[in-house]
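# A structural walkthrough
The chain contents come next:
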Amino acid sequence: MLRILAVAPILFACCLGLPDHPSNRILDGVDTDAESYTYMASVEYNKNHRCAGSIISYNWILTVAHCVHGLDTELLRVRSAFVIPIRGLMGKVSAVNSTILHPYFDFKTLDYDIALINTADDLYDVNGTDTNIHIGLRLPLDGNSATVFGWGARIIGTWFTKFLTNQTLTIVYFNECKYSYESVGNPVTERMFCAGLVGGGPCQGDSGDPLIYGNRLIGMMSWSYGCGERRFPAVFTDVTQFRFWIESTAGILL
């Protein structure tokens, strides 16, 4: 059964791969050539896909904190360098040295929903070149379009799709999203932003999915109310606000 977070009886965190965790997915997504998006990573736990991650350095993955919260690091793996866009098939599998959750992460509200994964192996694509995605300097204005990538299911009632998919979403005016979720008792904080599309968007199976604008990472799928509902767009962690924390924690320059 899906575990409903205590914040409200209807708040679901996105896309975890295990049945006892809340989830999210890309409804109406289209298949994507995984070789063109070499920064995509599948975070696996006990040999099962759990959430998406983004490669930001040769041995660092960025994902949402709720994906790795409370897990045994020895059972975590990162799959990357996909030569075909099928999740769990081929690609390079790396062990995990450590996971670092943001110190202010709140599992009840999913505020500060961001984490770093340090891999035991260097992460390069099949040609031995760097695979990382750059992080945006700031969030674009509402009304702009951005693209989300992930392995979440494309139809309601299922968990995942084997193929990497994408969907173009529209960034929503912050106060509009905030007031919509306040009406059902779910706070949208300053570390979050919303993006959605009528009849589609992230839902079950899409935790950690990167949202890309101008070839830069600006957000990661965190949680939502329902699936692709116009009034309740998907809620993303605003990655652009965490550049200093990422650099100081991982010891890298973005």
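Procedures and definitions
Residues numbered from 1 in each chain as written. Predicted model: local features only at pLDDT ≥ 70, side-chain atom pairs only at ≥ 80, totals over all residues. Heavy atoms only, no water. Core = buried A, V, L, I, M, F, W, Y, C linked by side-chain atoms within 4.5 Å. Buried < 20%, exposed > 50% of the residue type's maximum accessible area, 1.4 Å probe, protein only. Contact = heavy atoms within 4.5 Å. Pairing = 2+ DSSP bridges. Helix = DSSP H or I, 4+ residues; strand = E, 2+ residues; numbered from the N terminus. Axes fitted to C-alpha atoms, helices over the stretch in contact; angles between N-to-C directions. Disulfide = S-S within 2.5 Å. pLDDT = per-residue confidence, 0-100. Arc of directions from axis to C-beta. Polar contact = N/O pair within 3.5 Å; in protein donor to acceptor, adjacent residues only side chain to side chain.

### Brief notes about the nonpolar core
Membership of the largest hydrophobic core comes to 52 residues, with the highest contact counts inside it found for Ile56, Leu62, Leu116, Tyr181 and Ile246. Excluding anything up to four places from it in sequence, Leu62 contacts Gly53, Ser54, Ile56, Ile114, Ala115, Leu116, Ile135, Leu217, Met220, Val239 and Ile246. In this structure, Ala146, Leu169, Phe193 and Met221 belong to the second largest nonpolar core, which totals 11 residues.

### Here we look at the sheet that holds strand β5 (residues 60–63)
Judged by pairing direction, the barrel is antiparallel, and its 6 strands sit side by side in the order β3-β4-β5-β8-β7-β6 before closing back on the first. When the angles between neighbouring strand axes are averaged without regard to direction, this sheet yields 40°. As judged from the 4 bridges shared by strand β3 (residues 40–45) and strand β6 (residues 76–80), these two strands associate in the antiparallel manner. Across the sheet, Val43 pairs through a bridge with Val78, a residue of β6. Running over the sheet, helix α3 (residues 243–250) touches β4 (48–57), β5, β7 (92–101) and β8 (115–119) and is turned about 30° from β8.

### Some details on the state of the cysteines
When the sulfur atoms of two cysteines share a covalent bond, that bond is a disulfide. The final tally for this structure, using the stated rule, is 2 disulfides. Across a sulfur-sulfur distance of 1.9 Å, Cys51 and Cys67 are joined as a disulfide pair. The chirality of the disulfide connecting Cys51 with Cys67 is left-handed, given an S-S dihedral of about -80°. Placement of Cys51 in strand β4 and of Cys67 in helix α1 (residues 65–68) is noted, with a sequence separation of 16 residues between them. Of the two residues, Cys51 and Cys67, both sit in the buried class.

### Structural notes on the confidence of the model for the chain
Interpreting fine coordinate detail is not advised for predicted regions of low pLDDT. With 72% of its residues at a pLDDT of 70 or more, the chain has an overall mean of 80. Of all the helices and strands in the chain, strand β1 (residues 12–13) carries the lowest mean pLDDT, 50, while β8 carries the highest, 98. Note that pLDDT drops below 50 for residues 15–29; the model gives that stretch 103 contacts with residues more than four away or on any other chain.

### Considerations on α3
Looking at α3, one finds that the buried residues are Arg243, Trp245, Ile246 and Ala250. Down the axis of α3, the buried set is contained in an arc of 165°. They therefore lie on one face. Directly after α3, the chain includes Gly251, whose backbone phi takes a positive value near 70°.

### Digging into the environment of Asn97
Note on placement: Asn97 falls in strand β7. A C-alpha to C-alpha distance of 9.6 Å links Asn97 and Arg77, two positions 20 residues apart in sequence. Leave out the neighbours within four places in its chain, and Asn97 touches Thr73, Asn118, Thr119 and Ala120. A polar side-chain atom of Asn97 sits 3.3 Å from the main-chain carbonyl oxygen of Thr119.

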